[in-house]
Amino acid sequence: MPELPEVETVRRGIESLVVGRRISSVTVGRERSVRRVGREAVIHGLTGTTVTTAGRRGKYLICYLESGDRMMIHLRMSGRVLIHPPDHPRPPHTHVVLTLEPDSREARRSVTHEFRFVDPRTFGEVVVYDPIDERDVLPELGRLGVDPLVDHFDDDVVWRLLHPRRRAIKALLLDQHVIAGIGNIYADEILHRAGIKWDRLASSLSRERVSRLRQSVTSVLNEAVAAGGSTLQDTQYVDVEGETGWFQLDHRAYGRGGLPCLTCGKTTITRVVTNGRSTCFCRICQR
DNA sequence: AAACAAACCTGTGCGC
DNA sequence: TGCGCACAGGTTTGTT
């Protein structure tokens with residue numbers, strides 16, 4: 001579910017509601033959500049400490065702790081972070097709960113809250129680790145590609161990344177080792193706005209078209225972050241306060257198979273399935 | 001190098 | 001109303 005804009009929205013929520021507040025207790029319901037390091041490491045690593053900074057790379061959330069350790073959260077398909085008062089009913093599939101002490105300096109932090117990691121499909125995870133062990137515990141972090149909003153991301157960078165590769169452009173956009181943070185929704189939106197068909201080989205695109213693609217990546221992701229991400233019909237994705245995003249109202253391709261193309265108005269959006277993943281695009285606008 | 005399938009899980013929506 | 005099946009935002013691993 002959550003891609004870069006949704007994860008960034010969660011990161012901002014943690015920044016405003018969690019950073020600086022002591023974690024007084026930790027409970028882990030489902031071991032699977034902490035499978036990487038185990039229940040004890042998560043409980044001992046978090047109890048009594050404080051999140052000092054909330055960071056993100058691609059779809060990985062990384063909270064820096066006062067103890068020197070770090071907490072990595074990946075939401076995968078169905079994970080959510082919710083920050084609510086203890087008397088607010090815990091949703092089903094609440095697997096990890098951190099109790100946050102009040103912070104009298106700010107009204108919305110002045111009472112106890114629970115930081116809840118909720119995840120029906122349990123693909124997501126919470127990892128607490130010493131940064132010295134990062135390479136061993138989270139080897140995939142070291143293999144992440146450039147983050148379009150965190151790293152330097154200009155036409156030259158994107159050209160060098162894409163042009164050498166004889167691979168369908170959508171597959172490259174989705175490849176977290178190349179560019180980190182884009183998933184199925186935003187890949188379709190980015191390609192639609194760039195006017196590029198999903199199966200074009202990256203090596204066949206001109207510098208001008210790669211430049212247009214880079215602009216599309218930047219503008220779509222920034223606009224989506226500004227809108228608080230995309231919440232689809234099932235309302236799976238919400239921010240830490242339970243609010244939906246709004247970028248789905250600006251979708252022009254994703255989920256619009258059979259509906260008119262809002263850009264050209266001359267045809268309908270085509271939906272194809274490859275590798276069990278759906279792709280929506282316009283046969284006229286995208287070539 | 002790249003394409004593809006399967007695996008990890010649960011919930012939802014659809015057709016019958 | 002109930003049942004079975006297809007399908008869903010991600011990522012890794014293994015096979016062609």
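Residues numbered from 1 in each chain as written. Chains lettered and ligands numbered in written order. Predicted model: local features only at pLDDT ≥ 70, side-chain atom pairs only at ≥ 80, totals over all residues. Heavy atoms only, no water.

1. A few points about the layout of surface pockets
One way to see where empty space is left: roll a probe the size of a water molecule over the atoms.
Next up, step 1: Its boundaries defined by the atoms lining it, the second largest pocket holds a volume of some 200 Å³.
Next up, step 2: Lining the second largest pocket we find Ala-168, Lys-170, Ala-171, Leu-174, Trp-198, Thr-274, Asn-275, Arg-277 and Thr-279.
Next up, step 3: With three residues, the top contributor of residues to the lining of the second largest pocket is helix 6 (residues 169-174).
Next up, step 4: Each residue belonging to the lining of the second largest pocket can be placed in one class, and the counts come to four nonpolar, three polar and two charged. (1 Å grid on protein atoms, 1.4 Å probe; cavity = no way out; pocket = protein on both sides within 12 Å on 5 of 7 lines; lining within 4 Å. Points joined across faces, edges and corners; volume = space filled by probe spheres on them. Helix = DSSP H or I, 4+ residues; strand = E, 2+ residues; numbered from the N terminus. Nonpolar A, V, L, I, M, F, W, Y, C, P; charged D, E, K, R; others polar.)

2. Section: the protein's contact with DNA strand B
Next up, step 1: Close contacts around DNA strand B come from Arg-30, Arg-32, His-93, Pro-120, Arg-121, Thr-122, Phe-123, Arg-165, Arg-166, Arg-167, Ala-168 and Asn-275, and that covers them all.
Next up, step 2: Sugar and phosphate atoms represent 70% of those atoms of DNA strand B found within 4 Å of the protein.
Next up, step 3: Between DNA strand B and Arg-30, the relevant distance is 3.4 Å, taken from a phosphate oxygen to a side-chain nitrogen or oxygen of the residue.
Next up, step 4: Within the side chain of Arg-32, an N or O atom sits 3.5 Å from a phosphate oxygen of DNA strand B.
Next up, step 5: A class-by-class count of the residues in the surface near DNA strand B yields three nonpolar, three polar and six charged. (Near = heavy atom within 4 Å. Polar contact = N/O pair within 3.5 Å; in protein donor to acceptor, adjacent residues only side chain to side chain.)

3. Looking at the pattern of salt bridges
Next up, step 1: Applying the stated criterion across every chain, the model contains 23 salt bridges.
Next up, step 2: For Arg-11, the salt bridge identified is with Glu-8, shortest N-O distance 3.0 Å. Taken together, the positions of Arg-11 and Glu-8, both in helix 1 (residues 4-17) and three residues apart, correspond to about one turn of that helix. Just as Arg-11 is buried, Glu-8 falls in that class too.
Next up, step 3: With a shortest N-O distance of 2.9 Å, Asp-175 and Arg-167 are connected by a salt bridge.
Next up, step 4: Taken together, the shared-partner salt bridges in this structure form one network comprising Glu-8, Arg-11, Arg-12, Glu-15, Arg-56 and Asp-147. (Salt bridge = Lys/Arg side-chain N within 4 Å of Asp/Glu carboxyl O. Buried < 20%, exposed > 50% of the residue type's maximum accessible area, 1.4 Å probe, protein only.)

4. Thoughts on the sheet that holds strand 3 (residues 60-65)
Next up, step 1: Strand order in the open sheet made by the four strands is 2-3-4-8, with antiparallel pairing throughout. Single-partner strands in this sheet number two, and they are strand 2 (51-57) and strand 8 (125-129). Across this sheet, the average inter-strand angle for adjacent strands is 20°, counted without regard to direction.
Next up, step 2: One ladder, built from five bridges, connects strand 3 with strand 4 (residues 70-74); its direction is antiparallel. Within the sheet, the bridge partner assigned to Ile-62 lies in strand 4 and is Met-72.
Next up, step 3: The strands touched by helix 1 are strand 2 and strand 3; relative to strand 2, the strand with the most contacts, the crossing angle is about 170°.
Next up, step 4: The strands touched by helix 2 (residues 39-46) within the sheet are strand 3, strand 4 and strand 8, with strand 8 carrying the most contacts at an inclination of about 60°. (Pairing = 2+ DSSP bridges. Axes fitted to C-alpha atoms, helices over the stretch in contact; angles between N-to-C directions. Contact = heavy atoms within 4.5 Å.)

5. Comments concerning the sheet that holds strand 5 (residues 80-84)
Next up, step 1: Read from one edge to the other, the open sheet built from four strands follows the order 1-6-7-5, with strand pairing classed as antiparallel. Of all the strands in the sheet, just strand 1 (23-28) and strand 5 have a single pairing partner and so form its edges. In this sheet, adjacent strand axes meet at a mean angle of 15° when their direction is disregarded.
Next up, step 2: Bridge count for strand 1 against strand 6 (residues 94-100) is five bridges, and the pairing is antiparallel. Bridge pairing links Val-28 to Val-96 in strand 6.

6. Section: the nonpolar core
Next up, step 1: Membership of the largest hydrophobic core comes to 32 residues, with the highest contact counts inside it found for Leu-46, Met-71 and Phe-115.
Next up, step 2: Of all the elements, helix 1 adds the most residues to this core, at four residues.
Next up, step 3: Not counting chain neighbours up to four residues away, the residues in contact with Leu-46 comprise Ile-23, Val-26, Leu-65, Met-71, Leu-98 and Val-128.
Next up, step 4: Membership of the second largest hydrophobic core comes to 31 residues, among which are Phe-153, Ile-190, Leu-191 and Val-220. (Core = buried A, V, L, I, M, F, W, Y, C linked by side-chain atoms within 4.5 Å.)

7. What to know about the state of the cysteines
Next up, step 1: One pass over the full model with this rule turns up zero disulfides.
Next up, step 2: The structure places no disulfide on Cys-280, whose sulfur is separated from the nearest cysteine sulfur, that of Cys-282, by 12 Å. (Disulfide = S-S within 2.5 Å.)

8. Brief notes about the domain arrangement of chain A
Next up, step 1: The domains assigned to chain A are domain 1 (4-142) and domain 2 (155-281).
Next up, step 2: Each of domain 1 and domain 2 has a C-alpha centre, and these two points are 28 Å apart.
Next up, step 3: Counting the surface lost from both domain 1 and domain 2, the interface buries some 1600 Å², and carbon and sulfur atoms represent 63% of this.
Next up, step 4: Taken together, the connections running from domain 1 to domain 2 amount to one salt bridge.
Next up, step 5: Residue assignment for the side of domain 1 that touches domain 2 shows that the elements contributing at least two residues are helix 1 and strand 5.
Next up, step 6: Take the side of domain 1 that touches domain 2: its biggest share by element is ten residues, from helix 1. (Domains from an automatic or database assignment. Buried area = accessible area lost by both parts, 1.4 Å probe.)

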